[in-house]
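# Descriptive analysis of the structure
Residues per chain, in single letters:
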Amino acid sequence: MASGINQDSRPDGAFPEAVGKDEPLQGLPERTASPSARTMTERGLVGLTADRALVSAFKQMQLEKDAQKNWDLFYKRNTTNFFKDRHWTSREFEELRACREFDSQRLVLLEAGCGVGNCIFPLLEEDRNIFVYACDFSPRAVDFVQRHPLYLPERCSAFQCDLTKDDLRDRVPEASVDVVTLIFVLSAIHPDKMGSALENIWKVVKPGGLVLFRDYGLRDHAMLRFKPGNKLGANFYVRQDGTRSYFFSKELLAELFAGAGFHLVSNDYVLRETVNKKEGLCVPRVFLQSKFTKPARDPDHSSSRCSGT
């Protein structure tokens, strides 16, 4: 697959030769960091305004029916070579290190939407006192995780799961997870089913436990570059390969998590200027990085340090 900027099937928008710096934003970004990025944003906004027609209801039903197949085909095409390992996870989310009462305490994580393990294996390498439950919609992705040389059943349990309907408690003990990572996952789920996925996750999080979230924000370049004929609904689009992506506002995300019973810890846009050196292009990326906690049973005594309070 070429490394050009027109890759609609790159779910987290990472370019192979990209560099950038994250900058937290208090409100929705109205500007970009360079003239070239600004020009691309303005053109994209014009395109979004003009694109009012939605994909037909029949095709939308077919996309929902084929969602698992399309992600399985994605991993068949790209195997484990598509994403770079996410060594930034522990840097961006300090809670992965700070949740313990004592240094040797074992931390239990759930990677909801693990892909081929680009997040979990760096964490397992860095921290010997972590146990990870890892699930993904794609059976092929789970197979790649289980065949990874760092996969050890005593440290990791990977399984296939549709977060919107398969009860996580069939594989993960109820209220047993300290930290859930939900990274570029919720955006791939139909908006009508996002609440069900979060309610499912709620069941396995400990009181005082955290959900660490990162996903696409409104006006991200991946949203602006969609052409007419790809719109499924408000802020919801389909890529050329049949996989789908939603672009979040912080207000909607807060409502979704509140509806599932979580409390807000932090919820901010992050602006990232991504440079594709090969193409000589600089494009604006907008992500939403957030933290939510499951309230402790006893408000006067938190059972976990993960809540950040």
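This text goes with the structure placed above it.
Notes on the structure follow. Please read these numbers as outputs of a predicted model, since none were measured by experiment. (Residues numbered from 1 in each chain as written. Predicted model: local features only at pLDDT ≥ 70, side-chain atom pairs only at ≥ 80, totals over all residues. Heavy atoms only, no water.)

## Considerations on the packing of aromatic side chains
Overall, the coordinates contain 14 aromatic pairs when judged by the stated rule. Aromatic side chains Phe236 and Tyr246 sit 6.2 Å apart centroid to centroid with 50° between the ring planes, which places their arrangement in the tilted category. Of this pair, Phe236 sits in strand β9 (residues 236-238) while Tyr246 is found in strand β10 (residues 244-246), placing the two residues 10 residues apart along the sequence. Judged by relative accessible area, Phe236 falls into the buried class, the value being 3%. Aromatic side chains Tyr237 and Phe247 sit 6.1 Å apart centroid to centroid with 70° between the ring planes, which places their arrangement in the edge-to-face category. Of this pair, Tyr237 sits in strand β9 while Phe247 is found in the loop between β10 and α10 (250-259), placing the two residues 10 residues apart along the sequence. (Phe/Tyr/Trp six-rings, centres within 6.5 Å; stacked < 30°, edge-to-face > 60°. Helix = DSSP H or I, 4+ residues; strand = E, 2+ residues; numbered from the N terminus. Buried < 20%, exposed > 50% of the residue type's maximum accessible area, 1.4 Å probe, protein only.)

## Quick word on the pairing of strand β11 (residues 263-276)
Looking at chain direction, β11 and strand β12 (residues 281-293) are connected through 13 bridges and run antiparallel. Pairing of Leu264 across the sheet is with Phe292, part of β12. Between the antiparallel neighbours β11 and β12 lie four residues, among them Gly280 with a positive phi of about 70°. (Pairing = 2+ DSSP bridges.)

## Concerning the side chain of Asp220
Of note, Asp220 is situated in the loop between β7 (205-216) and α9 (221-224). With relative accessibility at 0%, the residue Asp220 sits in the buried group. A polar atom in the side chain of Asp220 sits 2.7 Å from the side chain of Arg285. Once residues within four sequence positions are removed from consideration, Asp220 is found in contact with Phe247, Pro284, Arg285, Val286 and Phe287. (Polar contact = N/O pair within 3.5 Å; in protein donor to acceptor, adjacent residues only side chain to side chain. Contact = heavy atoms within 4.5 Å.)

## Structural notes on the pairing of strand β5 (residues 156-160)
Most of β5 is tucked away, with four of its five residues classed as buried. Pairing between strand β4 (residues 130-136) and β5: five bridges, direction parallel. Each residue of the ladder has a partner; that of Val132, found in β5, is Cys156. You can see the chain leave β4, run along helix α7 (residues 139-146) and come back into β5, and the turn it takes is right-handed. (Right-handed = clockwise from strand over helix to strand, strands pointing away.)

## Overview of the environment of Gly115
Mapped onto the elements, Gly115 comes out in the loop between β3 (107-112) and α6 (120-126). Residues Gly115 and Cys135, spaced 20 residues apart in sequence, show a C-alpha to C-alpha distance of 8.0 Å. If near-sequence neighbours (up to four positions away) are discounted, Gly115 is found in contact with Tyr75, Asp136, Ala141, Val142 and Val145.

That is the geometry; function is a separate question.
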